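Structure at a glance
The lines below spell out each chain.
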Amino acid sequence: DTGVSQNPRHKITKRGQNVTFRCDPISEHNRLYWYRQTLGQGPEFLTYFQNEAQLEKSRLLSDRFSAERPKGSFSTLEIQRTEQGDSAMYLCASGYGRPAFTDTQYFGPGTRLTVL
Amino acid sequence: GENVEQHPSTLSVQEGDSAVIKCTYSDSASNYFPWYKQELGKRPQLIIDIRSNVGEKKDQRIAVTLNKTAKHFSLHITETQPEDSAVYFCAAGSGGSYIPTFGRGTSLIVHP
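To start, this report covers the structure provided alongside it.

Criteria and thresholds
- Residues numbered from 1 in each chain as written.
- Chains lettered and ligands numbered in written order.
- Predicted model: local features only at pLDDT ≥ 70, side-chain atom pairs only at ≥ 80, totals over all residues.
- Heavy atoms only, no water.
- Contact = heavy atoms within 4.5 Å.
- Buried area = accessible area lost by both parts, 1.4 Å probe.
- Salt bridge = Lys/Arg side-chain N within 4 Å of Asp/Glu carboxyl O.
- Polar contact = N/O pair within 3.5 Å; in protein donor to acceptor, adjacent residues only side chain to side chain.
- Nonpolar A, V, L, I, M, F, W, Y, C, P; charged D, E, K, R; others polar.
- 1 Å grid on protein atoms, 1.4 Å probe; cavity = no way out; pocket = protein on both sides within 12 Å on 5 of 7 lines; lining within 4 Å.
- Points joined across faces, edges and corners; volume = space filled by probe spheres on them.
- Helix = DSSP H or I, 4+ residues; strand = E, 2+ residues; numbered from the N terminus.

Taken together, the contact between chain A and chain B spans 25 residues of the former and 21 residues of the latter. Interface area, chain A with chain B, both sides summed: about 1900 Å², of which 53% is carbon and sulfur. Among the residues chain A hides against chain B, the three largest losses belong to Thr102, Thr104 and Phe107 of chain A. Together they make up 29% of the total. Where chain A packs against chain B, one counts zero salt bridges. Remark: the boundary between chain A and chain B carries seven residue pairs in polar contact (both at pLDDT 80 or more). Here the side of chain A that touches chain B is composed, by residue class, of 12 nonpolar, eight polar and five charged.

Right under this line is the structure:
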């Protein structure tokens, strides 16, 4: 499967615990995006990377959230001290990243986080 | 920032009918308008997109129209089938921000 992959697919955790999610983009894609989606809503932008550089962060991304893409390939999203409000589907997407061009984005299957 | 409004939130049609979903956007600099289909528990999948240098694009039973003056764009599905049942999201983005803003989605139900 050459599409975007995410792991784990489901994560159940207790409030206050830390969690980390992984995204593997399509191999030739330079841009990688993280979104959060709650029931009845469209994807909400969290952050994105151009290669290994994190270029933009949404105000939704509190200081408990951190994302990395150390070698410009896979990315991780960590949530520290989880809260019940963090329960959502976390989607990753990737795109080619042509200059001055809004990507066609290809989404992964998501990681569903449940905070008890 | 960009604001995308999508209507209706729910659309129920009979198999074989046409379905139309409409979106408006606020940022006149937006030049990229994708549509995604998301089935329950699955990833959003791109079904069609349009860039601002064209007014209409078709792909079999699906078409998208864009009116840049009025800042709205629409998804048209003809001869609907039960497998078209899903949530459809529109989005709008510009080359300056690289980040499309999504609408809240339309739940399309096609009754056999």
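Read on for the rest.
Right, let's get into the layout of surface pockets. Space inside the largest pocket adds up to approximately 740 Å³. Along the walls of the largest pocket sit 29 residues, with Glu44 and Phe45 of chain A together with Glu2, Thr101 and Phe102 of chain B positioned nearest its centre. Of all elements in the fold, only β5 (44-50) and β6 (53-57) of chain A together with β1 (4-7) and β10 (101-102) of chain B reach the threshold of two or more residues within the lining of the largest pocket. Top element by residues in the lining of the largest pocket is β1 of chain B. It accounts for three residues. For the lining of the largest pocket, the class distribution of residues is nine nonpolar, 12 polar and eight charged. What the second largest pocket holds in volume is close to 520 Å³. Lining the second largest pocket are 24 residues, and of these Gln37, Thr38, Leu39 and Gly40 of chain A together with Gln38 of chain B lie nearest its centre. Broken down by secondary-structure element, the contributors of at least two residues to the lining of the second largest pocket are β9 (88-95) of chain A together with β9 (86-92) and β11 (106-111) of chain B. Looking at which element gives the most residues to the lining of the second largest pocket, the answer is β9 of chain B, with three residues. Taken together, the residues of the lining of the second largest pocket sort by class into seven nonpolar, 13 polar and four charged.

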